[in-house]
Amino acid sequence: GLAWAGALLAGVALAFSATSIALQLMEERGALQSAWGQRAFAILLFQDISVVPVLALAPLLAGHAETQVAWSERVTSFALSAGAIASFVLAGRYLLNPFFRVLAKAPQREAMTAAALLVVLGAALLMQWAGMSMALGAFLAGLMLSESNFRHQLEADIEPFRGLLMGLFFMSVGMSIDFALGASNAARLFGVALAVIAAKLTLTALLMRWTGSTWREA
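Residues numbered from 1 in each chain as written. Predicted model: local features only at pLDDT ≥ 70, side-chain atom pairs only at ≥ 80, totals over all residues. Heavy atoms only, no water.

**Student:** Can you walk me through the packing of helix H5 (residues 110-129) against helix H6 (residues 134-146) in this structure?
**Tutor:** A packed helix pair is summarised by two numbers, namely the angle formed by the two axes and the spacing between the axes. Where H5 contacts H6, the two axes come as close as 7 Å, and the packing angle between them is 140 degrees. With respect to H6, the axis of H5 lies oblique. The two elements H5 and H6 meet at a crossing, and its hand is right-handed. Contact with H5, carried on its side by Ala 116, Val 119, Val 120, Ala 123, Ala 124, Leu 125, Met 127 and Gln 128, involves Met 134, Leu 136, Gly 137, Ala 138, Leu 140, Ala 141 and Leu 145 of H6 and no other residues of that element. In terms of residue class, the contact of H5 with H6 is made up of 13 nonpolar, two polar and no charged. (Axes fitted to C-alpha atoms, helices over the stretch in contact; angles between N-to-C directions. Helix = DSSP H or I, 4+ residues; strand = E, 2+ residues; numbered from the N terminus. Parallel < 35°, antiparallel > 145°, perpendicular 65-115°, else oblique. Left-handed = near helix turned anticlockwise from the far one by under 90°. Contact = heavy atoms within 4.5 Å. Nonpolar A, V, L, I, M, F, W, Y, C, P; charged D, E, K, R; others polar.)

Written as structure tokens, this is what we have:
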């Protein structure tokens, strides 16, 4: 019953996987160094990168009016989103390392952690100003920080908070679920979930088999 734009966005969202959950499971099982673990990690990384253009396209697909004015507004919104993303990526590529190089000389170790937090919050506010989600800004900031020359120090600084913050994130997602709506559509949701899993499993297995994996790995 959805319009094509809503169906497209829902389909793209269901096609993605939760990288944080999948990586944690593979780490616990020691599977990241296996052949299938490496390929699974590559797929997850590609999906993470794909989130950026998908979220940038969301404002273009949003809205209900099909008038010329509505489409011009969508194009403007898309241009603003793309410009904000491009500006942030360029700033992260050419300004982030000099910024952290100056902070590395400070005697206070907390300066690096505070700066990383500032980058994340700044990116989130920039994306919100451009009409996109703050989560996209935080995601882009994470990508930029992971590419900086100080990524190992930053990773060591935030390691104690990572599990806690991930737990808070998933709790906040769980608290936003409409359980009454889910209960009233339980059978349909269960069937659709099985269908999505079967479709993703079949497609991924065939693609991995086609690109050289054994049937067991695929």
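**Student:** When you look at the side chain of Asp 157 in this model, what are you seeing that I'm missing?
**Tutor:** Along the chain, Asp 157 falls in helix H7 (residues 151-175). Setting aside residues no more than four positions away along its own chain, Asp 157 makes contact with Arg 109, Met 112 and Thr 113.

**Student:** What is the right way to read the environment of Glu 27 from this model?
**Tutor:** If you trace the backbone, Glu 27 turns up in helix H2 (residues 19-28). A relative accessible area of 46% places Glu 27 in the partly exposed class. C-alpha of Glu 27 to C-alpha of Gly 1: the two residues are 26 residues apart in sequence and 40 Å apart in space. (Buried < 20%, exposed > 50% of the residue type's maximum accessible area, 1.4 Å probe, protein only.)

**Student:** Honestly, the environment of Ala 130 in this entry has me stumped. Any pointers?
**Tutor:** Within the fold, Ala 130 resides in the loop between H5 and H6. A residue is classified by how much of its surface remains accessible, and Ala 130, at 3% relative accessible area, is buried. For Ala 130 and Ala 84, which are 46 residues apart along the polypeptide, the C-alpha to C-alpha distance reads 6.5 Å. Excluding its chain neighbours within four sequence positions, the residues that come into contact with Ala 130 are Leu 80, Ser 81 and Ala 84.

**Student:** Just checking my understanding: could you explain the packing of H5 against H7 for this structure?
**Tutor:** It is the contact of H5 with H7, at a shortest axis distance of 10 Å, that shows an interaxial angle of 90 degrees. With respect to H7, the axis of H5 lies roughly perpendicular. Note on element contacts: H7 touches H5 through Gln 153, Leu 154 and Asp 157, opposite Met 112, Thr 113 and Ala 116. Grouping the amino acids of the contact of H5 with H7 by side-chain chemistry returns three nonpolar, two polar and one charged.

**Student:** I'm lost on the nonpolar core in this one. Help?
**Tutor:** The nonpolar side chains of soluble globular proteins are, as a tendency, buried together. Ile 85, Phe 100, Met 127, Leu 136, Leu 140 and Leu 145 are the most contacted members of the largest nonpolar core, which totals 22 residues. Broken down by secondary-structure element, the contributors of at least two residues to this core are helix H4 (68-104), H5 and H6. Not counting chain neighbours up to four residues away, the residues in contact with Met 127 comprise Ala 84, Ile 85, Met 132, Ser 133, Leu 136, Gly 137 and Leu 140. Counting residues in each nonpolar core, the second largest holds six residues, with Leu 23, Ala 31, Leu 32 and Ala 40 among its members. (Core = buried A, V, L, I, M, F, W, Y, C linked by side-chain atoms within 4.5 Å.)

By themselves these figures say nothing about function.
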